[in-house]
Amino acid sequence: QVQLVESGGGLVQPGGSLRLSCAASDSTFSTYTMGWFRQAPGKEREFVSGISSGSHTYYTDSVKGRFTTSRENARNTVYLQMNSLKPEDTAVYYCAASPLDGPVVTPRSYYYWGQGTQVTVSS
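So, a few notes on the structure that sits alongside this text. None of the values given here were measured: they were computed from a predicted structure.

Across its full length, the protein chain carries zero helices and 11 strands. Listing every helix and strand of the protein chain by position from the N terminus yields β-β-β-β-β-β-β-β-β-β-β. Taken against the 2.2 N^0.38 rule, which gives 14 Å for 123 residues, the C-alpha radius of gyration of the protein chain at 13 Å falls within 12% of a compact globule. Referenced to the eigenvectors of the C-alpha coordinate spread, the extents of the protein chain come out at roughly 40 × 25 × 25 Å. Burial analysis of the protein chain (123 residues in total) assigns 46% to the buried set. Here the analysis covers contacts within the protein chain between residues at least 6 apart in sequence; of these, 56% occur between residues at least 24 apart. Here the protein chain displays about 6300 Å² of accessible surface, and carbon together with sulfur accounts for 47% of that area.

Written out as C-alpha cells, the structure reads:
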C-alpha cells in the first residue's frame, strides 16, 4: 500500500498563491504517475494536473498558465504551485498515484489517494 500525505492548503485572497505538497511513503515513487484532483461541495471530483514518471505534465484547461506541477523523486514528493487563484478554485485538493503510463485523467486510474487538503480563495 502507498500512503500519501498532502499539506499546504489554507485561506488565500483572490490573486494570491499557494503551494501544495504531497509526500509518498513508498520507495517506488519515481515510477508512478502523480495526479492532483479537486472536489467542491456538491460537485464531482475533477482532474487538475498530472505528471508522469518522466516529468511530462498536463493540465485541465481552467488552470493552464496558472498552476504548475513538479516532482522531486529524491524526496518522494510532488508539488502543485497555484498562482493567480480565483474563488472558483475553492475545493478540497487530493493527490493521487497511478501505476499506469501515459496521460491519465480519470479518478478510477489512480489507485492510491491522500486525505485531501482544503483550499479556500476568498476576500
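Now that the structure has been shown, the text picks up again.
Quick look at the packing of aromatic side chains now. Per the counting criterion, the structure on display carries eight aromatic pairs. Ring centres of tyrosine 32 and tyrosine 112 lie 6.4 Å apart, and the angle between their planes is 45°; on these two criteria the pair is classed as tilted. One end of the pair, tyrosine 32, is in the loop between β3 (18-24) and β4 (33-39); the other, tyrosine 112, is in strand β10 (residues 112-113), with 80 residues separating them in the sequence. Centre to centre, the rings of phenylalanine 37 and tyrosine 110 are 5.2 Å apart; their planes meet at 80°, and the pair counts as edge-to-face. Linking phenylalanine 37 in strand β4 with tyrosine 110 in the loop between β9 (91-98) and β10, this pair joins segments that are 73 residues apart in sequence.

If you look at the biggest cluster of nonpolar residues, it comprises 27 residues, and the most contacted ones within it are Leu4, Met34, Trp36, Phe67, Leu80, Met82 and Tyr93. Within the second largest apolar cluster, six residues are counted, among which are Phe47, Tyr58, Val104 and Tyr110.

Moving on: the state of the cysteines. If you walk through the whole model with that rule in mind, you get one disulfide. Note that cysteine 22 is cross-linked by a disulfide to cysteine 95, the S-S spacing being 1.9 Å. Taking the sign of the S-S torsion, 55° for the link of cysteine 22 and cysteine 95, the bridge is right-handed. Highlighted residues: cysteine 22 in strand β3 and cysteine 95 in strand β9, separated in sequence by 73 residues.

Residue position: threonine 69 is located in strand β7 (residues 67-72). Residues in contact with threonine 69, not counting those within four places in the same chain, are Trp36, Ser49, Gly50, Ile51, Thr57, Tyr59, Val78, Tyr79 and Leu80.

What counts, and where the lines are drawn
- Residues numbered from 1 in each chain as written.
- Predicted model: local features only at pLDDT ≥ 70, side-chain atom pairs only at ≥ 80, totals over all residues.
- Heavy atoms only, no water.
- Helix = DSSP H or I, 4+ residues; strand = E, 2+ residues; numbered from the N terminus.
- Rg over C-alpha atoms; globule rule 2.2 N^0.38 Å.
- Buried < 20%, exposed > 50% of the residue type's maximum accessible area, 1.4 Å probe, protein only.
- Contact = heavy atoms within 4.5 Å.
- Areas by Shrake-Rupley, 256 points an atom, 1.4 Å probe, with all protein chains shown as cover.
- Phe/Tyr/Trp six-rings, centres within 6.5 Å; stacked < 30°, edge-to-face > 60°.
- Core = buried A, V, L, I, M, F, W, Y, C linked by side-chain atoms within 4.5 Å.
- Disulfide = S-S within 2.5 Å.

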